[in-house]
Amino acid sequence: MPDAKQMEIEEWYERYSDAIFKYILLMVKDYQLAEDLTHETFMKAYTKHQTFKQDASPKTWLFTIARNVTLDDLRKRKPIMLFKDVFNSKKDKQPSPEEIVQIKETSQELVKALGEIKTSYREVIILRKIKGFSIEETSKILNWSESKVKSTLFRAVPALEKQMLKEVFLNEKTV
């Protein structure tokens, strides 16, 4: 018979595992590793459940665990991995084949550019712009002040744009 803690973790898994998986995948750029780290995130949430203080949302708490699990793994490995396309077009109508190609090219350029900028920039862009966390939630996940989140994002967006322009230029040059 599952206890209340197990039922709560299972509910959180149903609600947040996909978003956490995609976040981790953007960080590690390896599908299988992202699955493993997502699993590890929820295992840690289960074992550390008593430390959840309810001052943050479960989503924020889980993303904090996911970030720490991912950073610990990256520190251990320091890998350069291939990335599989994770962005899906969310339109009411089916995209044309040309639109699919354009979306994939843009997604690949974005992912590649994200991989080339500083880790702190990548983290804040993923959490704020891709995952849609508030400044307050992002500051809790990253264990930063809100002003650091704002200033880092302010610098990160132009850095990402600059890197994307480089990626586009390099792709055009190789074609």
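Higher on the page you've got the structure.
Residues numbered from 1 in each chain as written. Predicted model: local features only at pLDDT ≥ 70, side-chain atom pairs only at ≥ 80, totals over all residues. Heavy atoms only, no water.

Visitor: Is there a simple way to explain helix α2 (residues 31-47) in this structure?
Guide: Since there are 3.6 residues in each turn of an α-helix, residues three or four apart along the chain are aligned in direction. When the terminal C-alpha atoms of α2 are compared, their 25 Å separation across 17 residues agrees well with the 24 Å that a helix rising 1.5 Å per residue should span. Listing the buried residues of α2 in full gives L33, A34, L37, T38, T41, F42 and A45. For α2, the capping residue at the N-terminal end is D30, with a side-chain oxygen 3.1 Å from the backbone nitrogen of Q32. (Helix = DSSP H or I, 4+ residues; strand = E, 2+ residues; numbered from the N terminus. Expected span 1.5 Å × (residues − 1). Buried < 20%, exposed > 50% of the residue type's maximum accessible area, 1.4 Å probe, protein only. Polar contact = N/O pair within 3.5 Å; in protein donor to acceptor, adjacent residues only side chain to side chain.)

Visitor: I would appreciate a short explanation of the environment of T64 in the present structure.
Guide: Summarising the element assignment, T64 is placed in helix α3 (residues 58-77). Distance in space between the C-alpha atoms of T64 and L142 is 6.8 Å, their sequence separation being 78 residues. Dropping the residues within four chain positions of it, T64 is found in contact with K140 and I141. (Contact = heavy atoms within 4.5 Å.)

Visitor: Mind showing me how you'd approach the packing of aromatic side chains here?
Guide: Given two aromatic rings, one states the distance between the centres and the angle between the planes to describe the pair. Applying the stated criterion across every chain, the model contains seven aromatic pairs. Centre to centre, the rings of F21 and Y31 are 5.1 Å apart; their planes meet at 75 degrees, and the pair counts as edge-to-face. Here Y31 lies in helix α2 and F21 lies in helix α1 (residues 4-28), a separation of 10 residues in the sequence. The exposure class of F21 is buried, given its relative accessible area of 13%. Looking at Y31, the relative accessible area reads 39%, which means it is partly exposed. Members of the aromatic cluster, each reached through a chain of ring pairs, are W12, F52 and W61. Just above the ring of Y46 sits the side chain of K5; from NZ or CZ to the centre is 4.2 Å. A cation sits over an aromatic face here: K148 above W144, 4.5 Å from the ring centre. (Phe/Tyr/Trp six-rings, centres within 6.5 Å; stacked < 30°, edge-to-face > 60°. Lys NZ or Arg CZ within 6 Å of the ring centre and 35° of its normal.)

Visitor: Would you mind going over the side chain of E123 with me for this structure?
Guide: Mapping E123 onto the fold places it in helix α5 (residues 119-130). According to the relative accessible area criterion, E123 is buried, its value standing at 2%. At a separation of 3.1 Å, a polar atom in the side chain of E123 contacts the side chain of R67.

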